[in-house]
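Listed here are the chains, written in short residue letters.
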Amino acid sequence: MVVTAHPLASQVGEAVLRRGGNAVDAAVAVQFALAVVYPDAGNIGGGGFLVLRQRDGTAAALDYREKAPAAAHRDMYLDPNKEVVEDLSRKGHLAAGVPGTVDGMVQAHQQYGSLPWPELVQPAIDLARRGFPLTQKEARKLNRERKDFLRYNTRQPTFFLKDHWREGDTVRLADLARTLERIRDKGRAGFYEGPTADLLAAEMKRGGGLITKADLAAYRSVWRTPLTGTVGPYKVISMPPPSSGGIALLQLLTIAQHYPLPEWGWNSVPAAHLMIEAERRVYADRARHLGDPDFYQVPVAGLLDTAYIRRRMHGYSPTRATDSDDVYPGVPAPPESPHTTHYSIVDAQGNAVSVTTTLNSNFGSKVFVGGAGFLLNNEMDDFSVKPGYPNAFGLVGEEANAIAPGKRMLSSMTPTILEKDGKLFMVVGSMGGSTIITTVYQIIQNVTRFGFTMQGAISAGRFHHQWLPDWVLCEWGALGPGTGLALWLRGHKIAPKYGGIGRAAGILVLPDGRLEGGADPRGDDTAAGF
Ligand code: GLY
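The sections below set out a description of the structure shown in this document. (Residues numbered from 1 in each chain as written. Predicted model: local features only at pLDDT ≥ 70, side-chain atom pairs only at ≥ 80, totals over all residues. Heavy atoms only, no water.)

**A closer look at the sheet that holds strand β11 (residues 416–420)**
Formally: In this analysis, strands are considered paired if DSSP registers two or more bridges between them. Where helices and strands are cited, they refer to DSSP runs of H or I of at least four residues and of E of at least two residues respectively, numbered from the N terminus. Axis lines are fitted through C-alpha atoms, for helices just across the contact stretch, and the angle between N-to-C directions can take any value from 0 to 180 degrees. Should any heavy atoms of two residues lie within 4.5 Å, those residues are considered in contact.
Taken together, the six strands give an open sheet; going across it, the order is β7-β8-β11-β12-β16-β17, and neighbouring strands pair in antiparallel fashion. Edge positions in the sheet fall to β7 (227–231) and β17 (515–519), since each has one partner strand and no second. Taking each pair of neighbouring strands and ignoring which way they run, the sheet shows an average axis angle of 15°. In the sheet, strand β16 (residues 503–509) pairs with β17 via five bridges, with the strands oriented antiparallel. Along β17, the bridge assignment pairs valine 509 with leucine 515. In the packing of helix α15 (residues 435–448) onto the sheet, contacts are made with β8 (234–238), β11, β12 (423–431) and β16, and the angle to β12 comes to roughly 145°.

Printed below as a string of structure tokens:
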């Protein structure tokens with residue numbers, strides 16, 4: 001089974017599995033297909049994390065997160081008065097980190113793939129060259145981005161510029177098809193060297209960006225030890241730093257384990273209050289302690305120590321909200337719509353892959369590499385550009401996540417796999433910037449503690465708190481009117497989140513061994529299997 005954010009990408013993955021490819025083969029094909037049909041987040045100009053569990057229970061985690069270019073420096077987004085220059089880390093050439101996706105896919109395939117590499121890149125080339133129909137949601141997004149595409153590009157991306165895109169319009173991406181052909185034929189060298197690297201470096205020069213051919217040649221993804229922890233009868237396998245996702249998820253699940261949530265009821269007043277209070281504390285830890293472990297000593301064991309986690313709930317009142325502003329004042333600008341995408345795959349042998357990949361915001365930096373047809377990320381905004389200054393998701397950070405050359409920016413991406421009784425149980429993850437962690441947390445809780453199906457757990461309404469800003473973002477209908485009012489009376493500031501929180505893709509192994517896919521109704525997400 002394959003669950004992705006786009007029906008055509010799910011079809012590509014399913015076809016690979018039908019041909020006998022394994023879950024990693026399908027993941028590689030899906031990653032490249034998403035770069036064509038889902039350009040807002042699917043990518044070759046961004047990065048991501050892949051967590052896998054083989055049928056024998058061995059697990060691995062691949063970090064293909066972007067890196068700061070060698071010429072990056074701590075104050076690169078500040079003016080001479082040390083004030084943050086608005087949007088500089090979010091849009092345009094300076095916002096881009098060195099892309100990791102292509103190296104990540106090559107690494108994953110070399111270690112675990114079974115089908116020939118060209119066969120896995122070819123479906124994306126076919127989609128780009130022959131064209132594909134826009135969904136209604138994608139047409140709407142392209143119309144919204146038109147102004148930024150015109151403003152931030154040195155060569156106009158005519159393939160995405162039209163007065164008004166409509167559902168069913170065909171998009172053809174010839175430059176991207178040629179770039180993908182180079183990747184098909186030369187693997188890593190098709191992107192990090194030769195014509196693609198030349199085009200990217202030239203684009204940076206024209207637009208005042210920092211990425212050089214030396215940065216591209218030096219980029220390497222990294223196999224990291226997956227983060228694992230036991231919560232009740234479940235073993236959680238997730239992403240370690242530079243993602244904050246695995247640590248925060250384990251902290252949240254561990255806290256929840258000490259309270260009778262099922263007895264209180266799904267999204268009831270005491271359950272929602274407890275979850276919000278836990279999130280407030282966990283995101284405060286994230287801001288202080290988490291960053292790239294290659295540059296900063298992240299106290300992973302300390303953060304996951306059960307006694308420490310319990311102590312973090314010190315001061316928790318079951319009837320009163322804690323005020324985050326007592327710790328860090330200030331309310332940041334409202335977040336731009338976050339964009340990342342997650343896909344979950346289980347093959348016929350029972351190997352599982354959980355991948356979250358991103359350009360950061362919708363369509364990343366909005367910059368296409370002229371002549372190469374792909375978008376560059378704006379991942380540099382995931383660094384703390386100045387201590388305490390919120391990024392696009394309202395997240396703040398400190399020294400641990402300060403900019404340094406070659407460093408990876410902290411992420412919230414939380415690709416996760418759960419085991420129960422030593423067997424594969426669930427594959428899950430989400431898009432949604434800072435809300436990824438709480439989305440994955442709620443979905444896991446919905447299944448493991450409230451008995452939801454995979455689809456029900458993903459469709460259910462969600463809420464989110466991240467310490468700062470001190471408000472509870474809440475989807476329409478996630479909390480009943482009585483619950484919302486009761487939480488407000490306890491001191492929680494509740495704000496509606498239009499457009500939804502997160503967009504998840506999950507697969508649950510049912511007791512009889514069949515797979516249940518959960519595709520998020522908030523998007524075009526589709527489960528495909530056989
Ligand atoms: N760019 C979103 C994240 O990595 O958290």
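From this point, the discussion proceeds with the structure in view.
**A word on the site of the ligand**
Our working definition: The rule for a residue being near a molecule or strand is that one of its heavy atoms must lie within 4 Å of it. Any pair of N or O atoms that falls within 3.5 Å is considered a polar contact. Within protein, one atom must be able to donate a hydrogen and the other to accept it, and sequence-neighbouring residues count only if both atoms are side-chain atoms. Methods summary: accessible areas were calculated by the Shrake-Rupley approach with a probe of 1.4 Å, and residue burial reflects only the protein chains presented. We call Asp, Glu, Lys and Arg charged. Ala, Val, Leu, Ile, Met, Phe, Trp, Tyr, Cys and Pro are nonpolar, and the rest, Gly among them, are polar.
As a matter of local geometry, the ligand sits amid Arg65, Asn360, Glu379, Asp382, Phe393, Ser411, Ser412 and Met413. Asparagine 360 has a polar side-chain atom sitting 2.8 Å from a nitrogen atom of the ligand. About the coverage of the ligand: the protein hides 99% of its 200 Å² of free accessible area. Taken together, the residues of the shell around the ligand sort by class into two nonpolar, three polar and three charged.

**A look at the sheet that holds strand β13 (residues 463–464)**
Strands sit in the order β13-β14-β15 across an open sheet of three strands; the sheet is mixed. The outermost strands of the open sheet, each flanked by one partner alone, are β13 and β15 (494–496). As defined by bridge partners, strand β14 (residues 472–474) adjoins β15 across three bridges and the pair is classed as parallel. Paired with cysteine 474 across the strands is proline 496, a residue of β15.

**A few points about the environment of alanine 505**
One can find alanine 505 in strand β16. For the pair alanine 505 and arginine 286, spaced 219 residues apart in sequence, the C-alpha separation works out to 24 Å. Sequence-distant contacts of alanine 505, defined by excluding residues within four places in its chain, comprise Val3, His342, Tyr343, Ser344, Val427, Val428, Gly429, Ile458 and Gly518.

**Focus: α15**
Quick note on the threshold: In this analysis, the expected span of each helix is defined as 1.5 Å times one less than the number of residues it contains. Under the scheme applied here, a residue whose accessible area is under 20% of the maximum for its type counts as buried, over 50% as exposed, and between as partly exposed, the area being computed with a 1.4 Å probe on protein chains only.
With 14 residues, α15 extends 20 Å from end C-alpha to end C-alpha; this agrees with the ideal 20 Å at 1.5 Å per step. Of all 14 residues in α15, 13 are buried; the element is thus mostly enclosed.

**Some words on the side chain of histidine 6**
In this structure, histidine 6 sits in the loop between β1 (2–4) and α1 (7–18). On the basis of relative accessible area, histidine 6 is assigned to the buried category, the value being 1%. For histidine 6, the contacting residues outside a window of four places in its chain are Leu34, Val37, Tyr38, Thr135, Glu138, Asp524, Asp525 and Thr526.

**Focus: the pattern of salt bridges**
We apply this condition: Between Lys or Arg on one side and Asp or Glu on the other, a salt bridge is scored when a side-chain nitrogen of the former is within 4 Å of a carboxyl oxygen of the latter.
Applying the stated criterion to the full structure yields 36 salt bridges. Measuring nitrogen to oxygen at the nearest pair gives 3.5 Å for the salt bridge that ties glutamate 119 to arginine 19. Of this pair, glutamate 119 sits in helix α4 (residues 117–130) while arginine 19 sits in the loop between α1 and α2 (23–37), and the two are 100 residues apart along the sequence. Residue arginine 19 is classed as partly exposed on the basis of its relative accessible area of 44%. Its salt-bridge partner being aspartate 63, residue arginine 408 comes within 3.2 Å of it at the nearest N-O pair. Of this pair, arginine 408 sits in the loop between β10 (352–361) and β11 while aspartate 63 sits in strand β3 (residues 59–63), and the two are 345 residues apart along the sequence. The pair arginine 408 / aspartate 63 is uniform in exposure class, with both members buried. One network of salt bridges, with partners in common, ties together Glu277, Arg280, Arg281, Asp470 and Lys493.

**Description of helix α5 (residues 136–152)**
Rule in force here: To obtain the bend at a residue, axes are fitted to the seven residues ending there and to the seven starting there, and the angle between these axes is taken.
In this model α5 runs 25 Å from its N-terminal to its C-terminal C-alpha over 17 residues, within 8% of the 24 Å that 1.5 Å per residue would give. Of all the bends in α5, the greatest, near 45°, is centred on glutamate 145.

**Remarks on the pairing of β12**
In terms of burial, β12 is largely enclosed, as eight of its nine residues are buried. Here β11 runs beside β12; their pairing, made up of five bridges, is antiparallel. Note on β12: the bridge partner recorded for glutamate 419 is leucine 424. The loop that links β11 with its antiparallel partner β12 comprises two residues; one of these, aspartate 421, has a positive phi angle of about 50°.

**Description of the side chain of threonine 179**
Within the fold, threonine 179 resides in helix α6 (residues 174–186). Classification of threonine 179 by relative accessible area gives buried; the value is 0%.

**A look at the packing of aromatic side chains**
Which entries qualify depends on this criterion: For Phe, Tyr and Trp, where Trp contributes only its six-membered ring, two rings pair if their centres lie within 6.5 Å, and the inter-plane angle classes them as stacked under 30 degrees, edge-to-face over 60, or tilted in between.
Following the criterion strictly, the structure yields 15 aromatic pairs and no others. With centroids separated by 5.6 Å and ring planes inclined at 65°, the aromatic side chains of tyrosine 112 and tryptophan 223 adopt a geometry described as edge-to-face. Here tryptophan 223 lies in strand β6 (residues 222–224) and tyrosine 112 lies in helix α3 (residues 101–112), a separation of 111 residues in the sequence. According to the relative accessible area criterion, tyrosine 112 is partly exposed, its value standing at 21%.

**Brief notes about the nonpolar core**
Keep this limit in mind: The definition of a nonpolar core used throughout is a set of buried Ala, Val, Leu, Ile, Met, Phe, Trp, Tyr and Cys residues joined through side-chain atoms within 4.5 Å.
Counting 78 residues, the largest nonpolar core has Phe32, Val36, Ile44 and Leu180 as the members making the most contacts within it. In terms of residues, this core owes the most to one element, α2, which gives 13 residues. In this structure isoleucine 44 touches Phe32, Ala35, Pro99, Thr101, Val102, Leu176, Thr179, Leu180, Ile183, Phe191 and Phe374, once residues within four positions along its chain are discounted. In this structure, Phe425, Ile436, Val472 and Leu479 belong to the second largest nonpolar core, which totals 76 residues.

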